[in-house]
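Coordinates in review
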Amino acid sequence: MPDDRLMSDLGMKTRPPEAVSESWTAELIREVGPETVVKTNEPLSRRTTLRVGGPADALVEPASESDLRAVLRFCRVRSLPFFVLGRGSNLLARDGGYRGVVICLAHPHFRRIEVEGTQLRCGAGARLKAVALEARRFGLAGLEFLEGIPGSVGGALRMNAGAMGGATFDVVQSVRLMDGEGRVREWVAAEMKPAYRECASLKTYLALEAIFRGEPSAREEIEKRMSQFSQKRWSSQPAAPSAGCTFKNPPGIPAGRLIQELGLKGMRCGGASVSMEHGNFIVNDGTATAQDILDLIELIRQRARQERGVDLEPEVEITGEPVGAISAAAGAQSWL
Ligand code: EPU
């Protein structure tokens, strides 16, 4: 079994990265059942809303918890980096792609939504929009804000995604998780210490499903709130490819307003520019590279630091490697 160093040595000195990954991806396919999808050299640009990112050595969509466990074991035994991809709506994947395994819980097994009374049991791969619509169908209020967040349940838990004054953990009761060894446990939401745009527990655990709770309410009320939120979103946020807000709001001023006040709307690096509609969005005109976006992020941060003494912290998760870096062991594991 190649260890980290050997894997990177192979990649660096003797074989192109494709050859290195092909040797283990064939073995990975043998470890999982036929329903589990394994793709090799899958461009992450296809899997992220920013539409940038080079290829992942392997992208796996496990069809069951046991296959997910097998993939985690495979990564552990080979010291392969991995990360969990949601809908890719808060992710900036670098142009060199990802040397390791990207796990995506998009199989229908992980997208189930079951409603019982005021609770919705939702798989980590379920879309937030689907959760919100199902809550509306059953007359359960409080989840309307999820409708406009273009993410999956797992991603929303990982970063405690929010909109319109609501945050994911406000409406989550408990979460079933798997650790890197494949062990499953269930936590009540408060134990997970969610904070603004983060949930530290989900850096080391992978969410399998969550129980959301709603408040019984008239369907028309829910519908009304949803369309108000949707209207607000369409009038204040761009429709062009983006990863939503780029930075967390710093104390004292929303990042979008700060960026506007700095006169940075419309600033461009290659195919990436600061949205004219909302200063905290970076949009891709269809030709941007990840490096364009990273350069733009850096320019914005510099200006905010120099001119206002504000340290803008990216909200967008950044993963993968720059073009030319080919070590399979270079990326740290993360859970997105
Ligand atoms: N503003 C400006 N100029 C801009 C953008 C905003 O002056 O270019 C002002 C607005 O007029 C408003 C204030 O800044 O007075 C806040 O703007 P907005 O209501 O758009 O909210 P936000 O704080 O920029 C947050 C979330 C969004 C979420 C919206 C709507 C963060 C980092 N962002 O944005 O979440 O959709 O509220 O509720 O917390 C995301 O996390 O990716 C995201 C898009």
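Preceding this section is the structure that the text describes.
Attention in this report is confined to the structure presented alongside it. (Residues numbered from 1 in each chain as written. Predicted model: local features only at pLDDT ≥ 70, side-chain atom pairs only at ≥ 80, totals over all residues. Heavy atoms only, no water.)

**Here's the deal with the overall build of the protein**
A count of helices and strands for the protein gives eight helices and 21 strands. In summary, the protein has a C-alpha radius of gyration of 20 Å against a globular reference of 20 Å for 336 residues, a match within 12%. Across the 336 residues of the protein, 52% fall into the buried class. Across the protein, the fraction of contacts at a sequence separation of at least 24, relative to all contacts at a separation of at least 6, is 66%. Entry remark: accessible area of the protein is about 14800 Å², with carbon and sulfur atoms responsible for 49%. Charged side chains in the protein number 43 positive and 42 negative. The centres of these two groups are separated by 1 Å. (Helix = DSSP H or I, 4+ residues; strand = E, 2+ residues; numbered from the N terminus. Rg over C-alpha atoms; globule rule 2.2 N^0.38 Å. Buried < 20%, exposed > 50% of the residue type's maximum accessible area, 1.4 Å probe, protein only. Contact = heavy atoms within 4.5 Å. Areas by Shrake-Rupley, 256 points an atom, 1.4 Å probe, with all protein chains shown as cover. Lys, Arg positive; Asp, Glu negative; His and termini not counted. Charge placed at Lys NZ, Arg CZ, Asp CG, Glu CD.)

**As for the sheet that holds strand E12 (residues 184–188)**
The five strands are arranged E6-E7-E15-E11-E12 in an open sheet whose pairing can be described as antiparallel. Every other strand in the sheet has two partners, leaving strand E6 (113–116) and E12 as the edge strands with one partner each. On average, each strand axis in the sheet is inclined to that of its neighbour by 20°, with strand direction left out of account. Packed on one face of the sheet, helix H3 (residues 65–77) meets strand E11 (172–179), E12 and strand E15 (205–213) and runs near 50° to E11. (Pairing = 2+ DSSP bridges. Axes fitted to C-alpha atoms, helices over the stretch in contact; angles between N-to-C directions.)

**A word on the nonpolar core**
Ranked by internal contacts, the top residues of the largest apolar core, which has 35 residues, are Leu-146, Val-153, Leu-157, Val-175 and Phe-212. Those elements giving two or more residues to this core turn out to be strand E7 (119–123), helix H4 (128–137), strand E8 (140–141), helix H5 (153–158), E11, E15 and helix H6 (219–236). The contacts of Leu-146, once residues within four sequence positions are left out, are Leu-128, Lys-129, Val-131, Ala-132, Thr-168 and Phe-212. Membership of the second largest hydrophobic core comes to 26 residues, among which are Leu-50, Val-52, Ala-243 and Val-310. (Core = buried A, V, L, I, M, F, W, Y, C linked by side-chain atoms within 4.5 Å.)

**Some remarks on the environment of Phe-247**
With respect to the element layout, Phe-247 can be found in the loop between H6 and helix H7 (255–261). Here Phe-247 falls in the buried class, since its relative accessible area comes to 1%. Taking the C-alpha atoms as reference points, Phe-247 and Asn-284, separated by 37 residues in sequence, lie 16 Å from one another. When near neighbours in sequence (up to four residues on either side) are disregarded, Phe-247 contacts Ala-255, Ile-259, Asn-280, Ile-297, Ile-300, Arg-301, Leu-312, Glu-313, Pro-314 and Glu-315.

**Regarding the side chain of Arg-301**
For Arg-301, the location among the structural elements is in helix H8 (residues 290–308). Take Arg-301: its relative accessible area is 19%, and that puts it in the buried class. If we skip the residues at most four places from it in the chain, Arg-301 touches Phe-247, Val-310, Asp-311, Leu-312 and Pro-314.

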